[in-house]
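# Architecture and fold: a report
Here's the letter readout for the chains.
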Amino acid sequence: MGWKQRGFYLDPAHVPYLFDTNGNAGTTAWWDGRVVGCWVQDDEGVVRLSLLDDVEPAGRDALDHEARRLTDWLDGTVVGNVYASRQMKQAKLP
């Protein structure tokens, strides 16, 4: 993700939500070769998606499946982030 030109995998309108001015990214959610949003965790460590793009139902199902797998793998561990993107900070958790 370190390329300055990210248009081939990221809508330029999403850059301010997912990257800082130095190019640091927070967590990202990918579908079909493109960044479509980010993921965050609640206090219990459950991974939740915060999408910036509309994703087709099959893609949303796949992303939800991976969020559940990551939740299971982390087993309650909440991952600390050195950099939390704007989208991560704004994510609404249930």
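For the structure, check the block above.
Structure report, in brief. Model, not experiment: these values are computed from the prediction.

Rules used in this analysis
Residues numbered from 1 in each chain as written. Predicted model: local features only at pLDDT ≥ 70, side-chain atom pairs only at ≥ 80, totals over all residues. Heavy atoms only, no water. Helix = DSSP H or I, 4+ residues; strand = E, 2+ residues; numbered from the N terminus. Rg over C-alpha atoms; globule rule 2.2 N^0.38 Å. Buried < 20%, exposed > 50% of the residue type's maximum accessible area, 1.4 Å probe, protein only. Contact = heavy atoms within 4.5 Å. Areas by Shrake-Rupley, 256 points an atom, 1.4 Å probe, with all protein chains shown as cover. Lys, Arg positive; Asp, Glu negative; His and termini not counted. Charge placed at Lys NZ, Arg CZ, Asp CG, Glu CD. Pairing = 2+ DSSP bridges. Axes fitted to C-alpha atoms, helices over the stretch in contact; angles between N-to-C directions.

## Structural notes on the overall build of the protein chain
Along the backbone of the protein chain there are three helices and three strands. Listed N to C, the secondary structure of the protein chain is α-β-β-β-α-α in terms of helices and strands. Relative to its length of 94 residues, the protein chain is compact, with a C-alpha radius of gyration of 13 Å against a globular reference of 12 Å. Considering only C-alpha atoms, the protein chain reaches an extent of 35 × 30 × 20 Å along its principal axes. When burial is assessed residue by residue, the protein chain has 34% of its 94 residues classed as buried. Expressed as a percentage of contacts within the protein chain between residues at least 6 apart in sequence, the contacts between residues at least 24 apart total 53%. For the protein chain, the accessible surface area stands at approximately 6,100 Å², while carbon and sulfur atoms represent 51% of it. Put simply, the protein chain has 10 plus and 14 minus side-chain charges, and the middle of one group is 7 Å from the middle of the other.

## Here's the deal with unusual backbone geometry
One non-glycine residue, Asp32, lies in positive phi territory at about 55°. Counting through the fold element by element, Asp32 comes out in the loop between β1 (29-31) and β2 (34-41). Looking at Asp32, the relative accessible area reads 68%, which means it is exposed. Non-glycine residue Asp75 carries a positive phi angle of around 50°. Structurally, Asp75 is set in the loop between α2 (57-74) and α3 (86-90). Residue classification places Asp75 among the exposed positions, given a relative accessible area of 66%.

## A closer look at the sheet that holds β2
Remark on secondary structure: sheet strands pair via backbone hydrogen bonds, oriented parallel or antiparallel. If you trace the three strands from one edge of the open sheet to the other, you get β1-β2-β3, paired in antiparallel fashion. Strand pairing shows two members of the sheet lacking a second neighbour, β1 and β3 (47-51), which therefore form its edges. Across the sheet, the axes of successive neighbouring strands diverge by a mean angle of 35°, strand direction being ignored. Across three bridges, β1 lies against β2 in antiparallel orientation. Paired with Trp30 across the strands is Val35, a residue of β2. Most of the contacts of α2 go to β3, to which it runs at about 145°, and overall it touches β1, β2 and β3.

## Here's the deal with the pairing of β3
The side chains of a regular strand alternate between both faces of the sheet. Where β2 and β3 come together, five bridges link them in antiparallel fashion. When the bridges of β3 are listed, Gln41 appears paired with Val47. Hairpin connection, β2 to β3: the antiparallel pair is bridged by five residues, and Gly45 has positive phi, about 90°.

## A word on the pairing of β2
Within β2, seven of the eight residues are buried, which leaves it mostly tucked inside the rest of the structure. In this antiparallel pair of consecutive strands, β1 and β2, the connection spans two residues, and Asp32 shows a positive phi of 55°.

Taken by themselves, the reported measurements are silent on function.
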